[in-house]
Amino acid sequence: MISIVLPAKNEASALAELLPRLRTAQPDAEIIVVDDGSTDATSDTCRRFGVQVVRQPYSMGNGAAVKRGARSASGDVLVFMDADAQHDPADITRLLARLDQGYDMVVGARDWSGQAGVGRGIANAIYNRLASWMTGFAVRDLTSGFRAVRAGKFKEFLHLLPNGFSYPTTITMAFFRSAYAVAYEPIAVHARVGKSHIRPLRDGVRFLLIIFKIATLYSPLKLFIPTSIVFFLLGSGNYMYTYVHSGRLTNMSTLMWSASVIVFLIGLISEQITNLTYLRDDR
């Protein structure tokens, strides 16, 4: 069974357009709209189209709505999509077809034309590169909210997902680190109905913080080793400068080298702790 989860906040007009198309495209699917404390007719619109509504009494965030929708869903495959009518329900069939090829998650990947402005496009490109380096896999669209995933595997990481807009960042990197197969399917994105709830500066900083948080949880040495090398090189550079000009070793160089060793050792400990989180009882 397929469950389609749509987090929504003040999306009554968009849902009135999207839900009939969604029902036509996936007539047998369970459709769940998580109303994230809307002040408009979002819940009434869903009921009018016979769609299950899970209402949060106040706004908890996009990620919180996704988590609540995942807990409420009964399907063994979950499809997440935005409620602003940007995503085409007809594309769900293609995501599910890729999932049937043996993947654990299929992400709808936007091209440059699907980005909401030049600034967002550049930011997403940077996030993709950074996440690819940290995970060791090609991340083509880190922040896409349109994806199909196996429910059991998705729910393994519910406790890691943030309540804000960066849940796609967390779940993507978690799947890669856990050796769950991830595929990308190109999709077209339409202009959203209504006003976006994302604030580029605030949420952009949060996206980066989430990337580094997940990196320290799953691949800490990829952060700690470069930092350790930087401290070592700074200490060596300072020593060379002071030796040439003063013929002595300064406390600053010693401090930098000490910091390099400490950061490296912290990285090793973090790596061991990370490995312990993946120990499973297979008996």
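Look above for the structure.
The following refers to the structure shown.

Parameters and conventions
Residues numbered from 1 in each chain as written. Predicted model: local features only at pLDDT ≥ 70, side-chain atom pairs only at ≥ 80, totals over all residues. Heavy atoms only, no water. Pairing = 2+ DSSP bridges. Helix = DSSP H or I, 4+ residues; strand = E, 2+ residues; numbered from the N terminus. Axes fitted to C-alpha atoms, helices over the stretch in contact; angles between N-to-C directions. Core = buried A, V, L, I, M, F, W, Y, C linked by side-chain atoms within 4.5 Å. Buried < 20%, exposed > 50% of the residue type's maximum accessible area, 1.4 Å probe, protein only. Contact = heavy atoms within 4.5 Å. Phe/Tyr/Trp six-rings, centres within 6.5 Å; stacked < 30°, edge-to-face > 60°. Lys NZ or Arg CZ within 6 Å of the ring centre and 35° of its normal.

**With respect to the sheet that holds strand β6 (residues 147-150)**
Neighbouring strands of a sheet are bound in pairs by backbone hydrogen bonds; such pairs are parallel or else antiparallel.
Argument step 1. Strand order in this open sheet of 7 strands is β3-β2-β1-β4-β6-β5-β7, and the pairing throughout is mixed. Each edge of the sheet is formed by a strand with only one pairing partner; in this case those strands are β3 (52-56) and β7 (182-186). Sheet twist, expressed as the average angle between the axes of neighbouring strands with direction ignored, equals 20°.
Argument step 2. The pairing of strand β5 (residues 105-109) with β6 spans 3 bridges and is antiparallel. Within β6, the residue paired with M105 across the bridge is V149.

**Things to note about the nonpolar core**
Soluble globular proteins tend to bury their nonpolar side chains together.
Argument step 1. L78, F80, F154, F157, I171 and F175 are the most contacted members of the largest nonpolar core, which totals 38 residues.
Argument step 2. Considering every element that reaches this core, the biggest residue donor is helix α7 (residues 167-177), with 6 residues.
Argument step 3. Once residues lying within four places of it in the same chain are set aside, the contact partners of F154 are V66, A70, L78, F80, V149, L161, Y167, I171 and F175.
Argument step 4. Counting 25 residues, the second largest nonpolar core, distinct from the first, contains I4, A29, M81 and L99.

**So, the packing of aromatic side chains**
Argument step 1. Applying the stated criterion across every chain yields a total of 8 aromatic pairs.
Argument step 2. Seen from their ring centres, F175 and Y180 are 5.3 Å apart, and the 65° between their planes marks the pair as edge-to-face. The exposure classification of F175 matches that of Y180, with both residues buried.
Argument step 3. Taken together, a centroid distance of 5.9 Å and an interplanar angle of 55° make the contact between Y239 and W257 tilted. Note that Y239 is positioned in helix α9 (residues 221-246) and W257 in helix α10 (residues 251-277), a separation of 18 residues in sequence.
Argument step 4. Among the residues examined, Y239 registers a relative accessible area of 29% and is labelled partly exposed.
Argument step 5. Feature note: the residues F80, F154 and Y167 constitute an aromatic cluster, connected by ring pairs.
Argument step 6. A cation sits over an aromatic face here: K153 above Y180, 5.3 Å from the ring centre.

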